[in-house]
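So the chains spell out like this:
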Amino acid sequence: MTLFAISDLHLTHEANRHAIKAVKPHPNDWLIIAGDVGEKDVHLQYALEIFTRAFEKVIWVPGNHDLWTIPNDPDGLRGVARYEHLVSICRQYHVLTPEDPFPIWSDSGSSYRIAPLFMLYDYSFRPSSIPLEGALEWAAEKEIVCVDEYVLHPDPYPTRSDWCRARVQYSQQRLQALPHDHPLIIINHWPLRYDLVNLPRIPRFSLWCGTTQTENFHLDYPVATVVYGHLHMRGTFFRDGVCFEEVSLGYPRHWDQNRPLEDYLRVIAP
């Protein structure tokens, strides 16, 4: 029994849809999907149709693309309503979300409690010399503006930062209430730490990559591994003895289309 993870499937792209369609059966294995399946309901439904047939259990958290309100979308759901709608789709497929009890994964030699979380960003991943009120202008100086500014709405919260703060507090409450009987595998689409955001070509995009409110989650709770995506820069990193796994597939230019999707499924446990 193996716990796999992948994120940033971006099923708007035909090559990515073909890749996941060819996934092999994993009847005894679990799969984490760490956000950014696509911008439309049909993208999430397409992925869940395939992965729930291929894997014993699937766990999902949202990314920013999943939360977009696309112009001319007939539903027009925004913010929390959009997120709750995605959760309802997942439940139709018996897929676990950040709103469900945290499951225990185990094999013959180890077991972990898996904590899918949704915590957004608040523009705090920036140099200390840049004030919050000047952060967007600082990014715009390099012609960097995330599309989220136009299509990721925080309703009913006043701002995405307010929504982020509420989600962090909710996540903290849930984690603090857990018994310390299993080490944790935390999942969040966005990196939990600023020092994991290494974007040499677009460093000021860090504004949309997480929140400093989560910098010490790996120390505050009994965390073994943190799974995340968003950066489209796959890698394994360690902070204070805790493993951080960036598991993105990414846009077609970010992966070798001559290789099967199996090569991009990251083994998280055992």
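Look a little higher up for the structure.
Residues numbered from 1 in each chain as written. Predicted model: local features only at pLDDT ≥ 70, side-chain atom pairs only at ≥ 80, totals over all residues. Heavy atoms only, no water.

Engineer: Could you give an account of the sheet that holds strand β10 (residues 266-269), with specific residues and numbers?
Structural biologist: The strand order across the open sheet built from 4 strands is β3-β2-β1-β10, with neighbouring strands paired in mixed fashion. The open sheet is flanked by β3 (55-60) and β10, the only strands paired with a single partner. Here the average twist between neighbouring strands, direction ignored, is 30 degrees. Set on the sheet, helix α2 (residues 41-54) makes contact with β2 (26-33) and β3; between it and β3 the angle comes to about 145 degrees. (Pairing = 2+ DSSP bridges. Helix = DSSP H or I, 4+ residues; strand = E, 2+ residues; numbered from the N terminus. Axes fitted to C-alpha atoms, helices over the stretch in contact; angles between N-to-C directions. Contact = heavy atoms within 4.5 Å.)

Engineer: Talk me through the packing of aromatic side chains; I want residue IDs and the actual numbers.
Structural biologist: Inspection of the entire model under this criterion finds 15 aromatic pairs. On the basis of an interplanar angle of 70 degrees and a centroid distance of 6.3 Å, the ring pair of F4 and F55 is categorised as edge-to-face. Residue F4 is found in strand β1 (residues 3-6), and its partner F55 is found in strand β3; the two are separated by 51 residues along the sequence. By the burial criterion, F4 is buried, and F55 matches it. A connected cluster of aromatic rings, assembled from ring pairs, spans W60, Y83, F118, Y121, Y123, Y157, W163, W190, F205 and W208. The residue whose ring lies beneath K57 is W30, and the NZ or CZ to ring-centre distance is 5.4 Å. Here the guanidinium or amino end of R174 rests over the ring plane of F102, the centre of that ring lying 4.0 Å away. (Phe/Tyr/Trp six-rings, centres within 6.5 Å; stacked < 30°, edge-to-face > 60°. Buried < 20%, exposed > 50% of the residue type's maximum accessible area, 1.4 Å probe, protein only. Lys NZ or Arg CZ within 6 Å of the ring centre and 35° of its normal.)

Engineer: Which residues make up the nonpolar core, and what values go with them?
Structural biologist: Formed by 76 residues in total, the largest nonpolar core has its most connected members in F51, W60 and L175. Grouped together as the second largest cluster of nonpolar side chains are 17 residues, L3, W30, V227 and I268 included. (Core = buried A, V, L, I, M, F, W, Y, C linked by side-chain atoms within 4.5 Å.)

Engineer: Can you lay out the sheet that holds strand β7 (residues 223-228) for me, pointing to particular residues and giving the numbers?
Structural biologist: Pairing within the open sheet is mixed, and its 6 strands lie in the order β4-β5-β6-β7-β9-β8. The open sheet has two free edges, formed respectively by β4 (104-106) and β8 (235-239), since each of these has just one partner strand. Across the sheet, the mean angle from the axis of one strand to that of its neighbour is 25 degrees, orientation sign disregarded. With 4 bridges joining them, β7 and strand β9 (residues 242-246) adopt parallel strand pairing. If you follow Y228 over to β9, its bridge partner there is E246.

Engineer: Describe in detail unusual backbone geometry, supporting the description with residues and values.
Structural biologist: The amide bond that connects D155 to the next residue, P156, takes the cis arrangement and shows omega of 5 degrees. Within the secondary structure, P156 sits in the loop between α5 (148-151) and α6 (160-176). Residue P270 follows A269 across a cis peptide bond; omega there is 0 degrees. Relative to the assigned elements, P270 resides in the segment after β10.

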